[in-house]
Amino acid sequence: MPGREPSAMTAAGGAGGAGHRLPTDTDDGLLLIISGPSGVGKTTITRAVERAIPGAVFSVSVTTRQKTAGDVEGVDYHFVSDAEFDRLVADDELLEWAEVFGRRYGTPRKWADEQLRRGRLVILEIDVKGARQVKERMPGAFGVFILPPSEEALLQRLRARRRDTEEAIARRFAEAQREIAEAKACGAYDAFVVNDELERAIEEAVGVVRGRMGIMKDEG
Ligand code: ADP
Ligand code: 5GP
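Residues numbered from 1 in each chain as written. Chains lettered and ligands numbered in written order. Predicted model: local features only at pLDDT ≥ 70, side-chain atom pairs only at ≥ 80, totals over all residues. Heavy atoms only, no water.

Student: Could you give an account of the overall build of the chain, naming the residues involved and the relevant values?
Tutor: Looking only at helices and strands, the chain has 8 helices and 9 strands in total. With 220 residues in all, the chain has 49% of them scored as buried. A sequence separation of at least 24 residues applies to 67% of the contacts in the chain between residues at least 6 apart. Surface accessibility of the chain: about 10,900 Å² in total, with carbon and sulfur atoms responsible for 52%. (Helix = DSSP H or I, 4+ residues; strand = E, 2+ residues; numbered from the N terminus. Buried < 20%, exposed > 50% of the residue type's maximum accessible area, 1.4 Å probe, protein only. Contact = heavy atoms within 4.5 Å. Areas by Shrake-Rupley, 256 points an atom, 1.4 Å probe, with all protein chains shown as cover.)

As structure tokens, then:
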């Protein structure tokens, strides 16, 4: 693909010493990080980006959090025990990991490396702490942060999910404000997309990713 910078793959091969490159490997892969505060719409946008871009694959994280009724094992997450998560960390099998709302989440390294070697767009939907680790190890990764149109709108969306108590909503809201400030200051993100109108935000997110990939928008 024209206009591609080779840095994503170069960095992928170098992450934590994993991933010896083969002579047959291409330099086509790109690691895409999508983050945003709880309730901002990042899962909806992430899945839309995955559908819109040929060759895009979603990295299924491991987590110690409880599986909810809406979760599908192996699709949304790999649900693991604390002991299994400890083992993955000890064996250096995670590209990054972080604790979010008291539970641990991490990105399996081997799968992501393999997909990058095949030239895929590998999408990580991870928090800011995880994004900072990835950017440090793989400076060629592309980071997109999803912002709410306003603090009030985010609060409304958190309430509309009807998933949490008012106390938990207040906690998530405070965490969201902290996370947005950190995202803006830390330098891990290359683009900020405001999720005001969903279809517009999806189009913008797909546009910035295609721009990074060097694909003309009307090609795909
Ligand atoms: P996150 O993964 O960031 O927690 P989700 O993708 O699960 O967020 O979206 C949270 C809720 O907000 C969903 O019910 C989704 O349909 C809704 N939503 C997403 N984008 C918008 C938008 N632009 N306007 C209004 N509601 C939205
Ligand atoms: P949820 O439990 O609502 O699906 O996700 C909670 C938070 O964990 C979200 O901010 C999500 O982006 C983050 N998250 C999910 N998977 C990972 C991961 O593998 N690593 C990191 N660092 N964060 C993750």
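Moving on from the coordinates now.
Student: Tell me about the site of ligand 2, and please be specific about residues and values.
Tutor: Around ligand 2 lies a shell of 15 residues, among which Ser61, Arg65, Tyr77, Glu96 and Tyr105 are the nearest. Take Ser61: an N or O atom from its side chain is 2.6 Å from an oxygen atom of ligand 2. With the chains in place, 90% of the 520 Å² that ligand 2 exposes on its own is no longer accessible. Every element with two or more residues in the shell around ligand 2 is listed here: strand 5 (94-100) and strand 6 (103-108). For the shell around ligand 2, a count of residues per class yields 5 nonpolar, 4 polar and 6 charged. (Near = heavy atom within 4 Å. Polar contact = N/O pair within 3.5 Å; in protein donor to acceptor, adjacent residues only side chain to side chain. Nonpolar A, V, L, I, M, F, W, Y, C, P; charged D, E, K, R; others polar.)

Student: Can you break down the sheet that holds strand 4 (residues 77-79) residue by residue, with the values?
Tutor: Spatially, 4-3-6-5 is the arrangement adopted by the 4 strands of the open sheet, whose pairing is mixed. The open sheet is flanked by strand 4 and strand 5, the only strands paired with a single partner. Between one strand axis and the next, the sheet turns by 25° as a mean value, whatever way the strands run. The pairing of strand 5 with strand 6 spans 6 bridges and is classified as antiparallel. Of the residues in strand 6, the one forming a bridge with Trp97 is Gly106. (Pairing = 2+ DSSP bridges. Axes fitted to C-alpha atoms, helices over the stretch in contact; angles between N-to-C directions.)

Student: Quick one: what's the story with the site of ligand 1, residue by residue and with numbers?
Tutor: Around ligand 1 lies a shell of 14 residues, among which Gly39, Lys42, Thr43, Thr44 and Asn195 are the nearest. Taking 570 Å² as the accessible area of ligand 1 by itself, protein coverage stands at 66%. Tallied by class, residues from the shell around ligand 1 come to 3 nonpolar, 6 polar and 5 charged.

Student: I'd like a rundown of the pairing of strand 6, residues and numbers included.
Tutor: Burial runs high along strand 6: 5 of the 6 residues are buried. Note that strand 3 (residues 61-63) and strand 6 share 2 bridges and pair antiparallel. From the neighbouring strand, Val62 faces strand 6, where its bridge partner is Gly106. In this antiparallel pair of consecutive strands, strand 5 and strand 6, the connection spans 2 residues, and Phe101 shows a positive phi of 50°.

Student: An account of the pattern of salt bridges is needed here, citing residue identities and associated values.
Tutor: Across all of its chains, the model carries 20 salt bridges by this definition. Here Asp71 and Arg65 are joined by a salt bridge, their closest N and O atoms 2.7 Å apart. For the pair Asp71 and Arg65, one class covers both residues: buried. Residue Asp164 is joined to Arg172 by a salt bridge in which the shortest nitrogen-to-oxygen separation is 3.2 Å. Residue Asp164 is classed as partly exposed on the basis of its relative accessible area of 22%. A relative accessible area of 16% places Arg172 in the buried class. When salt bridges with common partners are traced through the structure, they connect Glu84, Arg87, Asp91 and Glu93 into a single cluster. (Salt bridge = Lys/Arg side-chain N within 4 Å of Asp/Glu carboxyl O.)

Student: Before we move on, could you go through the sheet that holds strand 2 (residues 56-58) and cite the residues and values that matter?
Tutor: Strand order in the open sheet formed by 5 strands is 2-7-1-8-9, and the pairing between neighbours is parallel. Among the strands making up the open sheet, the edge pair consists of strand 2 and strand 9 (191-194). Averaged over all pairs of adjacent strands, the angle between their axes in this sheet comes to 25°, without regard to strand direction. Alignment of strand 1 (residues 30-35) against strand 7 (residues 121-125), held across 5 bridges, turns out to be parallel. Across the sheet, the residue bridging to Ile34 is Glu125, located in strand 7. Each of strand 8 (142-147) and strand 9 touches helix 7 (residues 166-186); the most contacted strand, strand 8, lies at about 145° to it.

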